[in-house]
Amino acid sequence: MYMTSLNVKSQVSIQARSETSPSVIMMLIHFLLLYLSVYGLISIYVDNIVIRSLKDAGMLLLAFYTLIRVYRQQIDFMNLLLFVLASLVILGSLNVLVGSSVVTLIYGIKITLLPLVMLFTGMFMAQHGRVFAFARTNLVIFIMLIAGWCVQYALGIEKLITMGFVYGVNIKNYLEGVPRLSSITYSPDGYAYALLMTGIIAERTRMAVNHRSFRTLIQLLTISFLLLSTIRSALLLWCVYQMVLFMISMRRYSRRNILVLAFVFMAMPAAVFLGGRLLQSKNLLSSSSLLDRLQTWGSSLTSPFTMNGMIGNGIGSVGAASRRTHMIGLNSSNFAVDNQYFSLYEQTGWIGLVYFLILFMLLFITLVKRMKAPSEPGVSTLPQAAIAMGAGVAAASLTTNVLELFPANVFFWMFIGMALYQPRRAGEIPYKAGEQG
């Protein structure tokens, strides 16, 4: 809503303040992202409660601050989202009433739900037009991840062990001596997913949007180092992301799209054959680990016909949180689960799964609506990319706790938040006196 000419000076003053006021917050956000990316490497050498709490406090404060700043833009959406999140926290906290550990609950919330609320920070950055800046920071982290992996590969596993890395946790060998390295993150899985997320987001930099060759270079680096990481679920996520994004881009009928689809379908058998040979040569098609997981799930999962099957065993009772609390000496199950759906079920029961389904359906429906909203080039395709990324996460969640892998989960939720943001247009919500549009 434009002000009258008598208030032009006031309007300029308000706009100037709006441009400069978030600058400090934006700088803190970018610093936090860089800190999160190297936190895993720091934690190998520094086991300090202050260092461990610093990132959590920063994320919590940023999420709370940015929620306040974006809440009025989309009140109905925010109210429903906050209701679902609050319901999950309450449901996952019920076991504390019957003697479960509060520490376990805290670890569960900070590992699973704290990264989720960072989507408010993503919405805040989109509100202030910092999508390209966010992508640039991810590009920097992407390069750091690759450089860190190359350095570790050159050093070798034996040298890394003498430097303080733990075999089987921070580093390990895969089949036929192919190393799994953690780069600047804490674990090989964390590295693969951080590489994947930052690579996808780095494709949203202004240079990548304007120059197809630069975007192709990022994609080639991403898939190449994902293959070197030998983390199969991350490869699955990337492939599903690319396929869904391609199908979304082909949704409109045109002669060009028909020709592209015809070429893809004709080339698909050869691509599957060559891709299968490549994966088989690197022993990436082995099913032994999947069979082991199926046996573990069958013998360890809670029965759905019990009270714990209905409301779960509490947030933090399984997954990354339980493994962490087990390491610090608490009486935890130390059950990794290796399936995001089963992990959510074990923590919140099938009632909690219904709430999570509502949450993801809410996000999906909102993203579909955002696809039709006009926006600037490079930003207009964010909802499509977010939907494709969500589909990839859904596929990879069958064999990995994707939403618990740090720091990739933070990057993922911030990207989703950016895609969810919808600028408020004049006339949609009445303005109060002195409120900026």
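Quick caveat: nothing in here was measured; it's all calculated off a predicted structure.

Reading guide: rules and limits
- Residues numbered from 1 in each chain as written.
- Predicted model: local features only at pLDDT ≥ 70, side-chain atom pairs only at ≥ 80, totals over all residues.
- Heavy atoms only, no water.
- Helix = DSSP H or I, 4+ residues; strand = E, 2+ residues; numbered from the N terminus.
- Buried < 20%, exposed > 50% of the residue type's maximum accessible area, 1.4 Å probe, protein only.
- Areas by Shrake-Rupley, 256 points an atom, 1.4 Å probe, with all protein chains shown as cover.
- Core = buried A, V, L, I, M, F, W, Y, C linked by side-chain atoms within 4.5 Å.
- Contact = heavy atoms within 4.5 Å.
- Patch = residues over 30% accessible without salt bridge, like charges linked within 9 Å, V, L, I, M, F, W, Y side chains within 5 Å.
- Salt bridge = Lys/Arg side-chain N within 4 Å of Asp/Glu carboxyl O.
- Phe/Tyr/Trp six-rings, centres within 6.5 Å; stacked < 30°, edge-to-face > 60°.
- Lys NZ or Arg CZ within 6 Å of the ring centre and 35° of its normal.
- UniProt positions renumbered as here; feature names shortened; annotations may be inferred.
- Expected span 1.5 Å × (residues − 1).
- Axes fitted to C-alpha atoms, helices over the stretch in contact; angles between N-to-C directions.
- Nonpolar A, V, L, I, M, F, W, Y, C, P; charged D, E, K, R; others polar.
- Polar contact = N/O pair within 3.5 Å; in protein donor to acceptor, adjacent residues only side chain to side chain.

Colleague: I'm lost on the overall build of the protein chain in this one. Help?
Modeller: Assigned secondary structure in the protein chain consists of 19 helices and 2 strands. Within the span of the protein chain, comprising 437 residues, buried residues form 47% of the whole. If you sum the accessible surface of the protein chain, you get close to 21,700 Å²; carbon and sulfur atoms cover 68% of it.

Colleague: Which parts of the structure should I look at to understand the nonpolar core?
Modeller: General note: in soluble globular proteins, nonpolar side chains tend to be found buried as a group. Among the nonpolar cores identified, the biggest contains 100 residues, and Ile29 and Tyr193 are the most heavily contacted of them. At 11 residues, the largest contribution of residues to this core is made by helix H19 (residues 408-420). Tyrosine 193 has contacts with Ile231, Ser233, Ala234, Leu237, Ala396, Thr400, Val402, Leu405 and Ala408, leaving out every residue within four places of it along the chain.

Colleague: How do you make sense of a nonpolar patch on the surface when you look at a structure like this?
Modeller: Nonpolar side chains collect at one region of the surface, where Val103, Val166, Val169, Tyr186, Met327 and Ile328 lie side by side and expose about 490 Å² of accessible area between them. Among the secondary structure elements, tyrosine 186 is positioned in the loop between strand E2 (179-180) and helix H9 (188-202).

Colleague: What is the right way to read the packing of aromatic side chains from this model?
Modeller: One pair of aromatic rings is described through two measures. These are the centre distance and the angle between the planes. Taken as a whole and judged by the stated rule, the model has 9 aromatic pairs. On the basis of an interplanar angle of 75° and a centroid distance of 5.9 Å, the ring pair of tyrosine 65 and phenylalanine 124 is categorised as edge-to-face. Residue tyrosine 65 is located in helix H3 (residues 49-71), and its partner phenylalanine 124 is located in helix H6 (residues 119-127); the two are separated by 59 residues in the primary sequence. When its relative accessible area of 29% is taken as the criterion, tyrosine 65 is described as partly exposed. Measuring from centroid to centroid gives 5.2 Å for tryptophan 149 and tyrosine 153, while their planes differ by 15°, and the two rings are stacked. Of this pair, tryptophan 149 and tyrosine 153 both sit in helix H7 (residues 131-155), 4 residues apart, which is roughly one turn of that helix. Tryptophan 149 gets classed as buried once you look at its relative accessible area, which sits at 5%. Connected via pairs of aromatic rings, a cluster forms that spans Phe356, Phe360, Phe412 and Trp413. Stacked on the ring of phenylalanine 406, the Lys or Arg lysine 55 has its end atom at 4.9 Å from the ring centre.

Colleague: Quick question: what am I supposed to make of the UniProt feature "transmembrane region" (unreviewed entry) in the protein chain here?
Modeller: Per the UniProt record, "transmembrane region" (unreviewed entry) is found at residues 21-43, 80-98, 104-126, 138-155, 217-246, 258-279 and 349-368. Between the end C-alpha atoms of residues 349-368 the distance is 29 Å, and the span holds 100% helix and 0% strand.

Colleague: Could you clarify how one ought to interpret H7 in this entry?
Modeller: Owing to its 3.6 residues per turn, the α-helix aligns residues three or four sequence positions apart on the same side. When the terminal C-alpha atoms of H7 are compared, their 36 Å separation across 25 residues agrees well with the 36 Å that a helix rising 1.5 Å per residue should span. Glycine 156 lies just past H7 and shows a positive phi near 90°.

Colleague: For this particular structure, what's the right way to read the pattern of salt bridges?
Modeller: Oppositely charged side chains may form a pair once their charged atoms are brought near each other. Counted according to the given criterion, the structure contains 2 salt bridges. Taking the shortest distance from any N to any O, the salt bridge between aspartate 56 and lysine 55 comes out at 2.8 Å. A relative accessible area of 13% places aspartate 56 in the buried class. Lysine 55 gets classed as buried once you look at its relative accessible area, which sits at 8%. A salt bridge links aspartate 56 to lysine 110; its shortest N-O distance comes to 3.1 Å. Note that aspartate 56 is positioned in helix H3 and lysine 110 in helix H5 (residues 102-113), a separation of 54 residues in sequence. Ionic contacts of the salt-bridge type, sharing partners, join the residues Lys55, Asp56 and Lys110 into one network.

Colleague: So what exactly am I meant to see when it comes to the packing of H3 against helix H4 (residues 75-93) here?
Modeller: The axes of two packed helices give the description: the angle between them and the distance between them. H4 packs onto H3 with a crossing angle of 145° between their chain directions and a minimal axis gap of 10 Å. Of the residues in H4, those in contact with Leu67, Val70 and Tyr71 of H3 are Ile75, Met78, Asn79 and Leu82. Along the lines of polarity and charge, the residues of the contact of H3 with H4 split into 6 nonpolar, 1 polar and no charged.

Colleague: I would appreciate a short explanation of the side chain of glutamine 347 in the present structure.
Modeller: Checked against the element boundaries, glutamine 347 lands in helix H17 (residues 340-370). Here glutamine 347 falls in the buried class, since its relative accessible area comes to 3%. Within polar-contact distance, the side chain of glutamine 347 engages the side chain of serine 343 at 3.1 Å. The residues touching glutamine 347, leaving out its near neighbours within four places in the chain, are Gly92, Thr112, Ile311, Gly312, Asn313, Gly314, Ile315, Gly316, Ser317, Val318 and Glu404.

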